[in-house]
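Observations on the three-dimensional arrangement
As a plain string of letters, each chain reads:
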Amino acid sequence: MEYKIQIKKIEHVNHNVLHFVTDKPKGYTFTPGQATEMAIDKANYREKKRPFTFTSLPEDKELEFTIKVYPSHNGVTEQLEKLEVGDTLLIGDAWGAINYKGTGSFIAGGAGVTPFIAILKDLNQKGQLKGNKLFFSNKEERDIIYKNNLEAWLENDLHLTLSDEDHKDYKHGHIDAEYLKAHNLEVSKPVYLCGPPPMMEAMKADLFKMGLPKSHIIEEEA
């Protein structure tokens, strides 16, 4: 089913990530971690649907999306940056395999953290966040989405790495098995994984070598 939603607020989260707040269709439901297909309600863009994750919670009265834009791509996300309050978007029903299945470790790369934002926000509100870890890789410090929120929620269970920037406050390089072992990732618990495909494949190879069963990986279905 298709729904038309109106933009109520647009703001920059960082230099290339936008936060959209829209109205919410009556009866619309989703679970934290799920996404929807979205299109811009303008000529030449209504059929160009792209998947975006909700960063609001199911009980919220509005929908929220946190979206990385790519101005150089000359595509849908580039057009999103040109939208204004009052413009409309088109969304479908919620879908997605990423949902919370118990205390474990979340591993994200860049905008891949967005499915985890709603899950972590939900757990924090319920007082059930303790014991969960987030391993979050970005190119530079300025790329870290909702850094202050994540630090407040997770404290010492937040582990940030930067692949391109050499910064005294962060590990330089990629997340790998050695780093996960050093920060006590437990292979007996679920691992939630979302990021660029090359990172996903490298992480799964490392996790399986560490002894994580395939059944413990929670990722979006291909």
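Residues numbered from 1 in each chain as written. Predicted model: local features only at pLDDT ≥ 70, side-chain atom pairs only at ≥ 80, totals over all residues. Heavy atoms only, no water.

Moving on to the overall build of the protein. In terms of helices and strands, the protein carries five helices and twelve strands. Against the 2.2 N^0.38 benchmark of 17 Å for 222 residues, the protein shows a C-alpha radius of gyration of 17 Å, consistent with a compact globule. Looking at the protein alone, contacts between residues at least 24 apart form 69% of all its contacts between residues at least 6 apart. A total accessible area of about 11,200 Å² is found for the protein, and carbon and sulfur atoms account for 46% of it. In the protein, the 28 positive side-chain charges and the 34 negative ones have mean positions that sit 3 Å from each other. (Helix = DSSP H or I, 4+ residues; strand = E, 2+ residues; numbered from the N terminus. Rg over C-alpha atoms; globule rule 2.2 N^0.38 Å. Contact = heavy atoms within 4.5 Å. Areas by Shrake-Rupley, 256 points an atom, 1.4 Å probe, with all protein chains shown as cover. Lys, Arg positive; Asp, Glu negative; His and termini not counted. Charge placed at Lys NZ, Arg CZ, Asp CG, Glu CD.)

Moving on to the nonpolar core. Within the largest apolar cluster, 26 residues are counted, with the highest numbers of intra-cluster contacts made by Phe116, Leu120, Leu134, Phe136, Leu150 and Leu154. Secondary structure elements with two or more residues in this core: β7 (105-109), α2 (114-126), β8 (133-138), α3 (147-154), β9 (158-162) and β11 (191-194). When neighbours within four sequence positions are excluded, Leu150 is seen to be in contact with Ile117, Leu120, Leu134, Phe136, Ile145, Glu155 and Leu158. (Core = buried A, V, L, I, M, F, W, Y, C linked by side-chain atoms within 4.5 Å. Buried < 20%, exposed > 50% of the residue type's maximum accessible area, 1.4 Å probe, protein only.)

Evaluated as defined, the whole model comprises one cavity of 30 Å³ or more. Of the voids in this model, the largest cavity is the one considered here, and its volume is about 50 Å³. If you trace the largest cavity, you find it lined by Gly104, Ser105, Gly131, Lys133, Asn184, Glu186 and Lys189. (1 Å grid on protein atoms, 1.4 Å probe; cavity = no way out; pocket = protein on both sides within 12 Å on 5 of 7 lines; lining within 4 Å. Points joined across faces, edges and corners; volume = space filled by probe spheres on them.)

This part covers the sheet that holds strand β10 (residues 171-172). The strand order across the open sheet built from six strands is β10-β9-β8-β7-β11-β12, with neighbouring strands paired in parallel fashion. This sheet does not close on itself; its edge strands, each paired only once, are β10 and β12 (217-218). With five bridges joining them, β8 and β9 adopt parallel strand pairing. Note that in β9 the partner of Phe135 across the bridge is His159. Together, β7, β8 and β11 form the strand contacts of α2, whose direction differs from that of β7 by roughly 145°. (Pairing = 2+ DSSP bridges. Axes fitted to C-alpha atoms, helices over the stretch in contact; angles between N-to-C directions.)

On to α2. Structural remark: α-helix, 3.6 residues per turn; residues separated by three or four positions point the same way. Over its 13 residues, α2 extends 19 Å from the first C-alpha to the last, a length consistent with the 18 Å expected when each residue adds 1.5 Å. Most of α2 sits inside the fold, with ten of its 13 residues counted as buried. Within the span of α2, buried status applies to Thr114, Pro115, Phe116, Ile117, Ala118, Ile119, Leu120, Lys121, Asp122 and Leu123. Residues of α2 that are buried sit in contact with β4 (50-53), β5 (63-68), β7, β8, α3 and β11. Gly127, located one to two residues past α2, shows a positive phi value of around 70°. (Expected span 1.5 Å × (residues − 1).)

One can describe the packing of α2 onto α3 by two numbers: an axis separation of 11 Å at closest approach and a directional angle of 40°. Put simply, α2 runs oblique to α3. When the axes of α2 and α3 are compared, the crossing they make is left-handed. For the pair formed by α2 and α3, the contact residues are Ile117, Leu120, Lys121 and Asn124 on the first element and Leu150, Trp153 and Leu154 on the second. Among the residues forming the contact of α2 with α3, the class breakdown is five nonpolar, one polar and one charged. (Parallel < 35°, antiparallel > 145°, perpendicular 65-115°, else oblique. Left-handed = near helix turned anticlockwise from the far one by under 90°. Nonpolar A, V, L, I, M, F, W, Y, C, P; charged D, E, K, R; others polar.)

Now for the sheet that holds β4. What the six strands build is an open sheet, ordered β4-β3-β6-β1-β2-β5; its pairing is antiparallel. Strand pairing shows two members of the sheet lacking a second neighbour, β4 and β5, which therefore form its edges. The sheet shows a mean angle of 45° between the axes of neighbouring strands, taken without regard to direction. Where strand β3 (residues 35-40) meets β4, four bridges bridge the pair, whose relative direction is antiparallel. Looking across to β4, one finds that Met38 is bridged to Arg50.

With that out of the way, let us pick up the pairing of strand β6 (residues 88-91). Residue alternation in β6 divides its side chains into two sets, Thr88 and Leu90 and Leu89 and Ile91, and both sets are buried. One ladder, built from four bridges, connects strand β1 (residues 3-14) with β6; its direction is antiparallel. Bridge assignment links Ile5 to a residue of β6, and that residue is Leu89. Sheet analysis places β3 next to β6, joined by three bridges and oriented antiparallel. Bridging across to β6, Ala39 finds its partner in Leu90.

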